[in-house]
Structure formats: structure tokens, C-alpha cells
Amino acid sequence: MKISIGTKHLAFAVVANFTIAAIIGAYLHSAWEMHNSLVFGLASCLFVFACVLSLYFWVIVLWHILQPMKSLIDTLYNTVHSQLPAPGEELNHLTVMAKISYILRVLQDNARQIELAAKELKDQKEYLQTILETIPDAIIAIGADGIVQLVNSATEKTFGFSRPELVGQNIDILLTQAGSKNYRRDIERCLQEGEPPLLREMREMEAKRKDGSAFPIEIWFSSLRYGGQPVCLQVIRDVSLRKRNEEINAHYMHELESSNRELDDFGYIVSHDLKEPLRGLQTFSNILLEDYESKLDEEGKDKLRTIIDLTKNMANLLDTLLYYSRVGKTALAIHETDLDEVVRKVTEALSIKLKERNVTIEIPQKLPCMICDHVRIAEVFQNLIGNAI
């Protein structure tokens, strides 16, 4: 049996201590009873010898114990002190206690750094958790087996399940039979394709709430790895309200198109029907001028000509009304337009009003020709002159 030298010395020291104690006790007891000074002196000498021998053994034992501890301290010092000079220089000048103090100081610094890092990680986790919980869309993470691993609070509101009711359950509890047909294929492709860009794909499908009611959703798929395992991350948005609004808008658009068609028909009918009496006025005015020219004075002839001009203007206004009823549905009639001619026709249309108010329209110089919509520019001049008088 192999025994280390330190263990042997320790055994010898223990045996020597017990032996010396027994011998000294026996001799001192005999010397005391016999009152023999020689024996007492011999016992005293043996006691001194035993003490020296015991001290020797204990020094050896302590040396064998402290030497490995010193080696251990040197190893720790070399480990924590990453920028020592040449080997043996600084070590030889530091005491063991100085090295122990340095090691403890480094360990304390490391402990503080670990504590700060742990606090920072905790703050980051709380920050990310806060972001996750404030996102209005439902977020669900599932594994390759289809088991829900993580949800946010929006998921609870969207589907009506509590978090403990969802985590650890199969994702099928959130899908209708119609919605789950393509869902499994999308999940498998998301997990098999590695790590695609975040939220790169969107699908529309049907989901169901806790009460069993079905509703439309938009779902984005993305994959990531957590703990070495693939995870499918899903962002789900309830689009029930949007779908209802789209249906309402489609209904209103259909009604608006029907109303516009009716307005078009009405504008055309009104324009056509109103032109008939105007054509009658214009025709009979022309007949009066031709057949009764000799019987009419100049004032009567002038008034008949005014009636003819006004009926023409009225017909033009009806054409303009029909034109405006189709604004936005046809392209603008843009072409070269003589502004002098436009102003002349507007003035003729307002001639009665101008005479009543004794207003004269004067154009100091010839107006240019412009590329514009004839009807709309005429409306501009008519509004300007009408507002001015």
C-alpha cells in the first residue's frame, strides 16, 4: 500500500504525541510519589525532548500541507493575472498573502461584473417582454412538433384562450378544419428552409376562437433557432373588421355606380327634353323675323334676335350641363381656344343682365389663344363677369 510522505509524517506525529504524553505522565507520576529528584529531572528532560520532537513533526506536516496550497495560489494567480511580465519576476516579489489578496480582489471584480451582466440581461429580457406584450398583433412560437411554446397578451385577446391554456398545446386548437389544410404545409416549409428573412411570407386563412366562432386572419411565417432547435414564429392579425369594411365599401361602391348611371341617364334625358321647347322658340322667332319683318319695328326685331341668341345660349348651357355630369369619366376636351370668342359668347349670354344694370364690357386688347378646355374656361369667364356685375 502506497502512502504519501505527508501522510506518514502526520501518522508519526500523532503516535509520537500520544506516546510522549503517556511517558511524561507516567514518569511525572512516579517521581511525584517517590519524591525522587533524579527521576523527576529525567522526566523533565524527556518532556523537553518530546516537545522538540513533536514540534519537528508538526513543522514537517505543515510544510507538506502548505506547499501544495502555495502551488495552488500561484496557479490561480497566473490564471487571473493575464498580463504578468517575464515568468518568475513578479511572482518572486509577491508574498503569498499578497497573491491571495490579489486573487480575492479579481474574484470580487468578476463577481460584480457577473452581477451587472445578469442585471443587464434581466433588464433586456424585461424590455423585450414589454415590447412583445405591447404589440397589437398576436405572436405565437411553435416547435417542429406543432406545440405552442410562447404567446403574447394579444394572442389571448384575439383567440379568447388564457396563456396557460395555449402553451404546451397543439396549434390545431386555433384553426378550423378549412384553415388547417394548408397550414401544416406552410409550417413544414418554414422550418425546413432554415432561417428566412423575418416575416417574409403572409397567408390568409380561417381561425377559430375559444367559443368555436370562425374568423379570418392574416398570418406571417418566419423561422428561427432556439436551443439548437428550429422554431416557427407566427404573427397573426385579426382582419374581421377590415373584411366587414371591405364588404360595406363594395356594397356602397355598387350603389354609387348605380346612382351614377341613373344620373347619367337623367342628365341625358333632361338635356334632350329641355332642348325641344328651346328649338321651338328659336324656330318661331325665325319665322316671325322672316314673315313679319315688314310689320315689326327695329325694337321688335332686336328682341326677336335676342330671343334667338338666348335660346342658343340655353342650348349651349344644357350641353354644358350634360358635359359636367360626365366630368371625371371622360378626358378633358383640351384644344386651342380663342378667348376673345369665349368672352363674346359669355357677354351675349349675359346681355339682358348687362342692359338692366347698364354695364358695358370693354376689352382693351385682343385676348390670346390658349390650349385649354373650352367649356371650363367659358365657365370661368362667366363666373368672373357675373360676380363683377
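Q: It is not clear to me how the packing of helix α10 (residues 339-349) against helix α12 (residues 374-388) should be interpreted in this structure. Could you clarify?
A: The description of two helices packed together rests on the angle between their axes and the distance between the axes. At a closest axis distance of 9 Å, the pairing of α10 and α12 adopts a crossing angle of 55°. Judged on the interaxial angle alone, α12 and α10 are oblique. In the crossing of α10 with α12, the sense of the turn from one axis to the other is right-handed. Along its contact with α10, which presents Leu 339, Val 342, Val 343 and Val 346, the element α12 presents His 374, Ile 377, Ala 378, Phe 381, Gln 382 and Ile 385. A class-by-class count of the residues in the contact of α10 with α12 yields 8 nonpolar, 2 polar and no charged.

Q: What should I look at first to understand a nonpolar patch on the surface in this one?
A: Together, Tyr 127, Leu 128 and Ile 131 line one region of the surface with nonpolar side chains, adding up to about 330 Å² of accessible area. Here Tyr 127 is to be found in helix α4 (residues 96-134).

Q: I'm lost on the environment of Leu 278 in this one. Help?
A: Of note, Leu 278 is situated in helix α8 (residues 240-291). Sequence separation of Leu 278 and Lys 312 is 34 residues, and the distance between their C-alpha atoms is 7.9 Å. Non-local contacts of Leu 278, meaning those with residues more than four positions away in its chain, are made with Thr 311, Met 314, Ala 315 and Leu 318.

Q: How do you make sense of the packing of aromatic side chains when you look at a structure like this?
A: Each aromatic ring pair is specified by the distance between its two centres and by the angle formed by the two planes. Within the structure shown, the criterion is met by 1 aromatic pair. The ring of Phe 215 is capped by Arg 209, whose NZ or CZ atom sits 4.0 Å from the centre of that ring.

Q: Would you take a moment to explain the pattern of salt bridges for this structure?
A: Two side chains with opposite charge may pair up if their charged atoms get near one another. Counted under the stated rule, the structure contains 14 salt bridges. A salt bridge links Glu 156 to Arg 163; the shortest N-O distance between them is 3.4 Å. Residue classification places Glu 156 among the partly exposed residues on the basis of a relative accessible area of 24%. Across the pair Lys 210 and Glu 165 runs a salt bridge, and its minimum N-O distance is 3.0 Å. Here the residue Lys 210 occupies a position in the loop between β3 (201-208) and β4 (214-226), and Glu 165 occupies one in helix α6 (residues 163-166), the gap between them amounting to 45 residues.

Q: How should the confidence of the model for the protein chain be read in this particular structure?
A: Note that predicted coordinates carrying low pLDDT should not be read in detail. Residues with a pLDDT of 70 or more make up 69% of the protein chain, whose mean pLDDT is 76. Looking over the protein chain, one finds the lowest element-wise mean pLDDT in helix α3 (residues 89-93), namely 48, and the highest in helix α5 (residues 153-159), namely 93. Contacts for the low-pLDDT stretch residues 1-5, under 50 throughout, to residues beyond four places or in other chains number 2 contacts. Taken as a whole, residues 83-89 scores under 50 in pLDDT and shows 4 contacts with residues more than four places along the chain or in a different chain.

Q: Sorry if this is basic, but what is going on with the nonpolar core here?
A: The nonpolar side chains of soluble globular proteins are, as a tendency, buried together. Residues Ile 140, Ile 142, Phe 159 and Tyr 183 are the most contacted members of the largest nonpolar core, which totals 23 residues. Contributing elements (two or more residues each) for this core: β1 (138-143), β2 (148-151), α7 (180-192), β3, β4 and β5 (229-238). Ignoring sequence-local partners within four residues, the contact set of Ile 142 consists of Ile 147, Val 148, Gln 149, Ile 171, Tyr 183, Ile 187, Val 231, Cys 232 and Gln 234. Residues Val 343, Val 346, Cys 372 and Ile 385 belong to the second largest nonpolar core, which totals 12 residues.

Cut-off values and rules
Think of each chain on its own: its residues are numbered from 1, step by step along the sequence as written. With the structure being a predicted model, the display of local features is reserved for residues of pLDDT at least 70 and the display and counting of side-chain atom pairs for 80 or more, all residues being used for whole-chain, interface and lining totals. Processing note: side-chain calculations cover all non-hydrogen atoms of the structure and skip hydrogens and water entirely. Angular values range over 0 to 180 degrees, each being the angle between N-to-C directions of two axes fitted as lines to C-alpha atoms, with helices fitted over their stretch in contact. In this description a helix means any DSSP run of H or I spanning at least four residues, a strand means any run of E spanning at least two, and both kinds are numbered starting from the N terminus. With respect to orientation, any angle under 35 degrees is reported as roughly parallel, any angle over 145 as roughly antiparallel, any angle of 65 to 115 as roughly perpendicular, and every other angle as oblique. In this scheme, a crossing is called left-handed if the near helix is turned counterclockwise away from the far one by less than a right angle; it is called right-handed if the turn is clockwise. Contact criterion: two residues are considered in contact whenever any of their non-hydrogen atoms come within 4.5 Å of each other. Here the term charged refers only to Asp, Glu, Lys and Arg, the term nonpolar to Ala, Val, Leu, Ile, Met, Phe, Trp, Tyr, Cys and Pro, and the term polar to all other amino acids, Gly among them. By definition, no residue in a patch forms a salt bridge, and every one has over 30% relative accessible area; like charges are joined within 9 Å, nonpolar side chains (Val, Leu, Ile, Met, Phe, Trp, Tyr) within 5 Å. Only the protein chains shown count as covering a residue, and every accessible area follows the Shrake-Rupley method with a 1.4 Å probe. By definition, a salt bridge exists where a carboxyl oxygen of Asp or Glu is found within 4 Å of a side-chain nitrogen of Lys or Arg. Classification of ring pairs rests on two measures: the distance between centres of Phe, Tyr or Trp rings, Trp counted by its six-membered ring, which must be within 6.5 Å, and the angle between planes, read as stacked under 30 degrees, edge-to-face over 60 and tilted in between. Geometrically, a charge over a ring is one whose NZ (Lys) or CZ (Arg) sits within 6 Å of the ring centre while staying within 35 degrees of the ring normal. Exposure categories follow from relative accessible area, calculated using a 1.4 Å probe and restricted to protein chains: below 20% of the type maximum is buried, above 50% is exposed, and the middle band is partly exposed. By definition, pLDDT measures how confident the predictor is in each residue, and it falls between 0 and 100. Only buried residues count toward a nonpolar core, which is a set of Ala, Val, Leu, Ile, Met, Phe, Trp, Tyr and Cys residues joined through side-chain atoms within 4.5 Å.

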